[in-house]
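Residue strings, one per chain:
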Amino acid sequence: MDTLTILGILLLVAGFILVGIEMVLPGFSVPGVSGIICLVAGIFLLADSVMEGVFITVIVLAVLGVLMALILWLLSKGRLRSPIILDEEQKKTEGYLSSSDLNYLLGKRGAARTDLRPSGIAQIDGVDFDVISQGNYISRDSQIEIIKVEGSKLIVKKIEE
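Residues numbered from 1 in each chain as written. Predicted model: local features only at pLDDT ≥ 70, side-chain atom pairs only at ≥ 80, totals over all residues. Heavy atoms only, no water.

## Digging into the overall build of the chain
Formally: Secondary structure elements are defined from DSSP: runs of H or I of at least 4 residues count as helices, runs of E of at least 2 residues count as strands, and each element is numbered from the N terminus. Burial here depends on accessible area, computed with a 1.4 Å probe over protein chains only, as a share of the maximum for the residue type. Under 20% is buried, over 50% is exposed, and the range in between is partly exposed. In what follows, residue pairs with any heavy atoms lying within 4.5 Å of each other are defined as contacts.
Assigned secondary structure in the chain consists of three helices and five strands. Each principal axis of the C-alpha atoms in the chain carries an extent, and together these give about 95 × 30 × 20 Å. The proportion of buried residues among the 161 residues of the chain is 27%. Residue pairs at least 24 apart in sequence account for 42% of intrachain contacts in the chain once pairs closer than 6 positions are excluded.

## With respect to the packing of helix 1 (residues 3-24) against helix 3 (residues 50-76)
The test is simple: Inter-axis angles, ranging from 0 to 180 degrees, are taken between N-to-C directions of lines fitted to C-alpha atoms, where helices are fitted over the stretch in contact. In a left-handed crossing the near helix is turned counterclockwise from the far helix by less than a right angle, and in a right-handed crossing that turn is clockwise.
Here helix 1 crosses helix 3 at 35 degrees, and the two axes come no closer than 10 Å. Considering how the two elements wind past one another, helix 1 and helix 3 form a crossing that is right-handed. Along the contact surface, helix 1 presents L12, F16, V19, G20, M23 and V24, while helix 3 presents V60, V63, L64, L67, M68 and I71.

## Some thoughts on helix 3
Put simply, the rule is: Expected span, for any helix, means 1.5 Å times one less than how many residues it has.
The terminal C-alpha atoms of helix 3 lie 39 Å apart, and with 27 residues this matches the ideal 39 Å at 1.5 Å per residue to within 8%. Elements that come into contact with the buried residues of helix 3 comprise helix 1 and helix 2 (30-46). Immediately downstream of helix 3, the backbone of G78 shows phi near 80 degrees, a positive value.

## Some remarks on the packing of helix 2 against helix 3
For clarity, the threshold we go by: By the convention adopted, Pro, Cys, Tyr, Trp, Phe, Met, Ile, Leu, Val and Ala count as nonpolar, Lys, Arg, Asp and Glu as charged, and the other residues, Gly among them, as polar.
Interhelical geometry of helix 2 versus helix 3 gives an angle of 145 degrees and a closest axis separation of 9 Å. Helix 2 and helix 3 meet at a crossing whose hand is right-handed. Touching L39, I43 and L46 of helix 2 are E52, G53, I56, T57, V60 and L64, all from helix 3. In terms of residue class, the contact of helix 2 with helix 3 is built from six nonpolar, two polar and one charged.

## A look at the side chain of S142
For the record, the criterion: Within 3.5 Å is the distance limit for a polar contact, defined as a pair of N or O atoms, with the added protein rule that one can donate a hydrogen and the other accept it, and that residues adjacent in sequence qualify only through two side-chain atoms.
Along the chain, the position of S142 falls in the loop between strand 3 (127-133) and strand 4 (143-150). Among the polar contacts listed, one links the side chain of S142 to the backbone oxygen of S139, at a separation of 2.8 Å. Each residue touching S142, except ones within four places of it in the same chain, is listed here: G110, A111, A112 and K158.

## Topic: helix 2
Definition in use: Taken from the helix axis, the directions to the C-beta atoms give the arc we talk about.
In this model helix 2 runs 24 Å from its N-terminal to its C-terminal C-alpha over 17 residues, within 8% of the 24 Å that 1.5 Å per residue would give. Along helix 2, the positions that sit buried rather than exposed are G32, G35, C38, L39, G42, I43 and L46. One face of helix 2 carries all of its buried residues, which in axial projection span an arc of 130 degrees. Opposite its buried face, helix 2 presents the exposed residues V30, I37 and F44, each directed more than 90 degrees away. Among the structural elements, helix 1 and helix 3 are those in contact with the buried residues of helix 2.

## Comments concerning a nonpolar patch on the surface
The line we're drawing: Residues form patches when they are more than 30% accessible in relative terms and have no salt bridge. Like charges link within 9 Å. Nonpolar side chains (Val, Leu, Ile, Met, Phe, Trp, Tyr) link within 5 Å. Note that accessible areas follow from Shrake-Rupley with a 1.4 Å probe, and for residues the cover is restricted to the protein chains shown. We count a salt bridge whenever a side-chain nitrogen from Lys or Arg sits within 4 Å of a carboxyl oxygen from Asp or Glu.
Judged by side-chain polarity, M1, I6, I9, L10, V13, I17, I21 and L25 come together as a nonpolar surface patch covering roughly 780 Å² of accessible area. Looking at the secondary structure, you find I21 in helix 1.

## Thoughts on unusual backbone geometry
Note that the residue after R117, namely P118, is joined by a cis bond; omega there is -5 degrees. With respect to the helices, strands and loops of the structure, P118 is situated in the loop between strand 1 (109-112) and strand 2 (119-124). In this structure, D125 takes a positive phi of about 55 degrees despite not being glycine. Its place among the elements puts D125 in the loop between strand 2 and strand 3. Despite not being glycine, D141 has its phi angle at roughly 70 degrees, a positive value.

## What to know about the sheet that holds strand 4
Backbone hydrogen bonds are what pair the strands of a sheet, in a parallel or an antiparallel way. Note the following rule: Think of it this way: DSSP has to see at least two bridges between two strands before they count as a pair.
Around the barrel, which closes on itself, the five strands sit in the order 1-2-3-5-4 with mixed pairing between neighbours. Averaged over all pairs of adjacent strands, the angle between strand axes in this sheet comes to 55 degrees, irrespective of strand direction. Relative to strand 5 (residues 153-158), strand 4 runs antiparallel, the two sharing six bridges. When the sheet's bridge partners are listed, E150 is paired in strand 5 with K153.

See the structure below:
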């Protein structure tokens, strides 16, 4: 083997490694661009004819497909940690609420922290919530009551004093 063939093989290996890194850490950044350049340069150095270049390109694309399938399999099984997947849990004990948990607020009273035109913020039991009035304008600091919960929407009305 001559020097150009060895260099071509090394460029292909480096290209596969760099593209593999880009598959795990997506963003079309330095590893991806460098990997593509290495793969193209490796193909040019290894191919003696256009037909051989097409053949090597098809093989490189097939290997990239297998590499992508392998990385996706490893990511889905949890063997690789992806930086684009949130690992933290939002637990109820830490103050996070799901929209289905808001039914406990039905009938509670509080104060409008902002003008409700018809939406705004109200404080109920010391916690700020996004609320929607029944369609009426409710001024800031007015006393309100939650009369309906629709998913994550809290419908309020002004308490007449």
